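Secondary and tertiary structure notes
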Amino acid sequence: MLGIPLFLHKQCCVMTERRKQYPFDHAEKKWQQIWETEKTFRCLNPGDPGFDPSKPKYYALDMFPYPSGEGLHVGHPEGYTATDIVSRYKRKKGFNVLHPMGWDAFGLPAEQYAIRTGQHPRITTERNVDRFRHQLKRIGFSYDWDREVNTTDPDYYKWTQWIFLQLYNCYFDEETRKARPIADLEAKGLSGKEIDEKRLAYVAEVPVNWCAELGTVLANEEVVDGKSEVGGFPVERKPMRQWMLRITAFADRLIDELDGLDWPIGIIKRQRDWIGRSEGAEVDFKVAGSGEILRVFTTRPDTLFGATYMVLAPEHPLVDQLTTDSQREAVTLYKEDVSRKSDRDREEAKEKTGVFTGGHAINPVNGEQIPIWIADYVMISYGTGAIMAVPAHDDRDFEFATKFGLPIVEVVQRPENQSGDGCFSGQGVAINSPLIDGLPTAEAKSKIIAWLESEGAGEMKVNYKLRDWLFARQRYWGEPFPIVWENGRHRPVSVDELPVSPPDMDDFKPTGTIDPPLAKATDWVRYSEAAMRETNTMPQWAGSCWYYLRYCDAQNSDRFVGKEAESYWLGGGNHGGVDLYIGGTEHAVLHLLYSRFWHKVLYDLGHVSTIEPFHKLVNQGLIMGEDGRKMSKRWGNVVDPLDVIAEYGADSLRLFEMFMGPLEQVKPWSTKGVEGVHRFLARAWRMFMEADQEGEWKISDRIQESEPTKGQLKVLHETIKKVTEDCESLSFNTAIAQMMVFVNELTHEPVRPLSVLVEFLNVLNPFAPHITEELNEQLCAHFPSLGNRTIADQPWPEWNEEYLIQSEIEFVIQVNGKLRDKMTVSVDIGNDELEKLALDSEKIQPFTEGKTVRKVIVIPGKLVNIVAN
RNA sequence: GCCGGCGUGGCGGAAUGGUAGACGCGACGGAUUCAAAAUCCGUUGGGGGUGACCCCGUGCCGGUUCGAGUCCGGCCGCCGGUACCA
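Residues numbered from 1 in each chain as written. Chains lettered and ligands numbered in written order. Predicted model: local features only at pLDDT ≥ 70, side-chain atom pairs only at ≥ 80, totals over all residues. Heavy atoms only, no water.

Side note on the overall build of chain A
- Across its full length, chain A carries 30 helices and 36 strands.
- When its C-alpha atoms are laid out on the principal axes, chain A stretches across 105 × 90 × 70 Å.
- When contacts within chain A are restricted to residue pairs at least 6 apart in sequence, long-range pairs at least 24 apart make up 71% of them.
- Accessible area of chain A: about 39,900 Å², with a carbon and sulfur share of 50%.
- Separation of charge centres in chain A, based on 101 positive and 131 negative side chains, amounts to 2 Å. (Helix = DSSP H or I, 4+ residues; strand = E, 2+ residues; numbered from the N terminus. Contact = heavy atoms within 4.5 Å. Areas by Shrake-Rupley, 256 points an atom, 1.4 Å probe, with all protein chains shown as cover. Lys, Arg positive; Asp, Glu negative; His and termini not counted. Charge placed at Lys NZ, Arg CZ, Asp CG, Glu CD.)

Here's what the structure looks like:
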């Protein structure tokens, strides 16, 4: 195995040599070095020396990555390349462009690694960040690295904690629908306890997904099949004291204020669905033979007369009290049964189950007694955990009633055009409902709600699927809360104590109890004689909620973002907010919702100038492995951008990322495809350069300071137009195709006018910044008339429609919509003449012979269609 | 089940209701070469014809239109999201 056959080895070297069709390796490193040392893409803020206030601003943002131990794969730079092209394009269009990058670096993997190895998460995090930064720099992105942020940096999380204190120190005012300082409440004379109940950051005892093995609570989406997603450890539901954020107060605004946003409709819809607003009524049912009241939520109060039984969630607090002795055993068994089922089991159960409690409730509209059942198709976590069952008009109730032989009473007349029997859950006209008979559903609803309200038996109610945000984690590697506890009460630390840094520890293992690892740092926890520090940390979402704000003014040590910087980068322009935000769909709901929530609070408190943070959002599609499977270690199909760069160069990588297909689409990686765009760049190179006898590259003799021909101007201006429009619409794949067309044409020209080639370098530059700068430099050295300049500084060229006009146009002649002939005629030919030419065409004759020409349609500049039969 | 998105050559993909398949990959043929690689030129949706040309073709069925990949209705398939939300 030791002796590698020599010929193989040799062939291998030859392969590498042959692929370097132009000296990309040297040129790319050179220009990256220049950009680094000269801070070419440094972006100035208002007030900075040299800042040009006359330019419009453009903020192009990437979703910043979690710097994992694996490094980037070629999927990551897809969105980054898109924003980088737009950034470089906009700079050339005369914008001040903010294009930053940073690290979402708190998180579980670094902590898990620390638990296994004892190595401090700061060390691994730093190493991973270095690797990510190195990879990104090798791709040649035009980030302003002076604005790099890292959520684990004390200068950063200081302000994360500061924002938490803003949330802690304000409440939601129902009247103005705005966050207000709690000073308002103090002025009104509310007690400390009453105020604590209104804060946007509050403490509550809530059931959580507790994973003892990981020693932390998990979000619902981190629990799969009743086990932790990471490690597969058992997860149990248990009530725990937790920090919560009152996002539900903003539910309506989070829906309504989506309106002006330029987001994919799918994402808007998912946000709406997640918030899950539904309008209806809460109705009180008295429990027969006791003073208890059972409250239910329904979106169809108009069907109240059809409620033939009631169902409580098995976990409902009144179940035990309602259960009669004869049913007690069955109820207890059922509850045990349900508690053993995982959420997944419960969801997948096809057959409805449930038991009768023995108790009865009284329907407020007609005084009828209806049986009370418990069943696991009713969830304790939604509405009131109890429903009135209307089997005639609800599919689930219908299924349940049919199975258990419960009565079904129709109270909505289905419209005549909708036939069928069984359950009807649509809108119709109320029947068998004395108070509302004959009314269509909408009116019936409002009348019955008015009646309930007058009787004190219910009220209109809006329910949301959205829950308050569980904001605490039992972890080490996260932002500590700037909170201390004294005599069972919490209070904030003073702002000048920020940042509250995590203590240095060697042992990051979970404590084995519900106490977070920070509890082990007893010196740190003891804040004073009487007060103890909060030992929970914030979830990873916290740092990513506001990083786009910090980029505006990343070095500011007095404020989370300077007022002027914030209002310039986020407030200016036609709309507010980030002008372009590109990232994956995996953040369609949570990250974007949480960010929007914080932003709105900061807006209400006067700290930011827009109601929404992200004006335009685009999701890039996943890049699959070459085998069509998702890129993962498991399949061994992961492609490292650095390997691609070593073989074909960064420009080829960038170009191929964009050439694969539409940005939003899922598409597979292809090494052959990279070779394709690499060949294109090599052809572009050879359009400028040729190798002399010694194999040295020099400017081609065919490039001359000559007048361009009409044809050359035409293809150039077509290219400028196409690339400009495609940059605006993010259709980079077709922009590249057009540039290929340009190179194919110009390559064949015996003389290539300098002016034409220079403009081409301008449009190619945002896509392939290294090769274009290198060629430009060579041109400048050879043609003194160009002066000494860089391509990135040159303005984006305008296209001239005049050059696009052709003197002769090829017309298509159709008979009955089918292509039969083509002819080339002068552009200024009249429609009548064209029509005549078409009818007289020899090739057309056979198709019109013996037929009557009914109509001739002439589309100027395109075609003639003869209708004949 | 429900809600999105998408079905176009061997493959990735182009096509303001107006020449379907731009551009790229692959394949085939040729030039160059001792030979190869690289490069350059040509062909490349299917079928028929010596040929000029002809017929068929954008998942399937129907509709609107002078004209449909594109618009409308109904199906089928794939991908993503979501799930007893009362």
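Some points on the sheet that holds strand β35 (residues 853-859)
- Spatially, the four strands line up as an open sheet ordered β34-β33-β36-β35, and their pairing is mixed. On the outer flanks of this sheet lie β34 (818-826) and β35, each paired with one strand and no other. On average, each strand axis in the sheet is inclined to that of its neighbour by 20°, with strand direction left out of account.
- Both strand β33 (residues 808-815) and strand β36 (residues 863-868) contribute to a ladder of four bridges, which runs parallel. (Pairing = 2+ DSSP bridges. Axes fitted to C-alpha atoms, helices over the stretch in contact; angles between N-to-C directions.)

Digging into the pattern of salt bridges
- A full pass over the atoms with the stated rule returns 50 salt bridges.
- Across the salt bridge formed by D579 and K57, the nearest N and O atoms sit 2.7 Å from each other. With a gap of 522 residues between them, D579 in the loop between α19 (563-571) and β25 (580-583) and K57 in strand β1 (residues 57-62) connect regions that are remote in the sequence.
- For K57, a relative accessible area of 8% puts it in the buried group.
- Two residues, D701 and K698, come together in a salt bridge whose shortest N-O distance is 3.6 Å.
- Residue classification places K698 among the partly exposed positions, given a relative accessible area of 32%. (Salt bridge = Lys/Arg side-chain N within 4 Å of Asp/Glu carboxyl O. Buried < 20%, exposed > 50% of the residue type's maximum accessible area, 1.4 Å probe, protein only.)

Concerning the packing of aromatic side chains
- Tallied over the full model, the rule gives 52 aromatic pairs.
- Centre to centre, the rings of W469 and F471 are 5.1 Å apart; their planes meet at 90°, and the pair counts as edge-to-face. Here W469 matches F471 in class, with each residue buried.
- The ring of Y168 carries R199 above its face, with NZ or CZ at 4.0 Å from the centroid. (Phe/Tyr/Trp six-rings, centres within 6.5 Å; stacked < 30°, edge-to-face > 60°. Lys NZ or Arg CZ within 6 Å of the ring centre and 35° of its normal.)

Points about the nonpolar core
- Formed by 173 residues in total, the largest nonpolar core has its most connected members in F164, W598, W669 and F767.
- By size, the runner-up hydrophobic cluster in this structure holds 47 residues, among which are L304, L406, V411 and L452. (Core = buried A, V, L, I, M, F, W, Y, C linked by side-chain atoms within 4.5 Å.)

Focus on the environment of Q413
- Mapped onto the elements of the fold, Q413 is located in strand β18 (residues 412-413).
- Taking relative accessible area as the criterion, Q413 reaches 44% and is therefore assigned partly exposed.
- Sequence separation between Q413 and Q427 is 14 residues; the distance between their C-alpha atoms is 8.4 Å.

Observations regarding the packing of helix α22 (residues 650-659) against helix α23 (residues 671-688)
- Following both chains from N to C, one finds α22 and α23 inclined at 120°, their axes separated by 9 Å at the closest point. Comparing the axis directions of α22 and α23 gives the class oblique. Our pair here, α22 against α23, has a crossing hand that is right-handed. Listed contacts from α23 to D651, S652, L655, F656 and F659 of α22 are G673, V674, V677, H678, F680 and L681.
- Each residue belonging to the contact of α22 with α23 can be placed in one class, and the counts come to seven nonpolar, three polar and one charged. (Parallel < 35°, antiparallel > 145°, perpendicular 65-115°, else oblique. Left-handed = near helix turned anticlockwise from the far one by under 90°. Nonpolar A, V, L, I, M, F, W, Y, C, P; charged D, E, K, R; others polar.)

Re empty space enclosed by the protein
- In the structure shown here, the tally under the stated rule is two cavities of 30 Å³ or more.
- Approximately 50 Å³ is the volume attributed to the largest cavity.
- L108, E111, Q112, I115, L214, T216, Q474, R475, F508, P510 and P517 are the residues that line the largest cavity.
- In terms of residues, the lining of the largest cavity owes the most to one element, helix α4 (residues 108-117), which gives four residues.
- Of the residues assigned to the lining of the largest cavity, the class counts are six nonpolar, three polar and two charged. (1 Å grid on protein atoms, 1.4 Å probe; cavity = no way out; pocket = protein on both sides within 12 Å on 5 of 7 lines; lining within 4 Å. Points joined across faces, edges and corners; volume = space filled by probe spheres on them.)

Notes on the pairing of strand β14 (residues 309-312)
- Across the two faces of β14 the burial is the same, with Y309 and V311 and M310 and L312 all buried.
- In the sheet, β14 pairs with strand β17 (residues 386-389) via four bridges, with the strands oriented antiparallel. Residue pairing in the sheet places M310 in a bridge with M388 of β17.
- The pairing of β14 with strand β16 (residues 369-374) spans three bridges and is classified as parallel.

Functional significance is not addressed by these values, which are geometric in nature.
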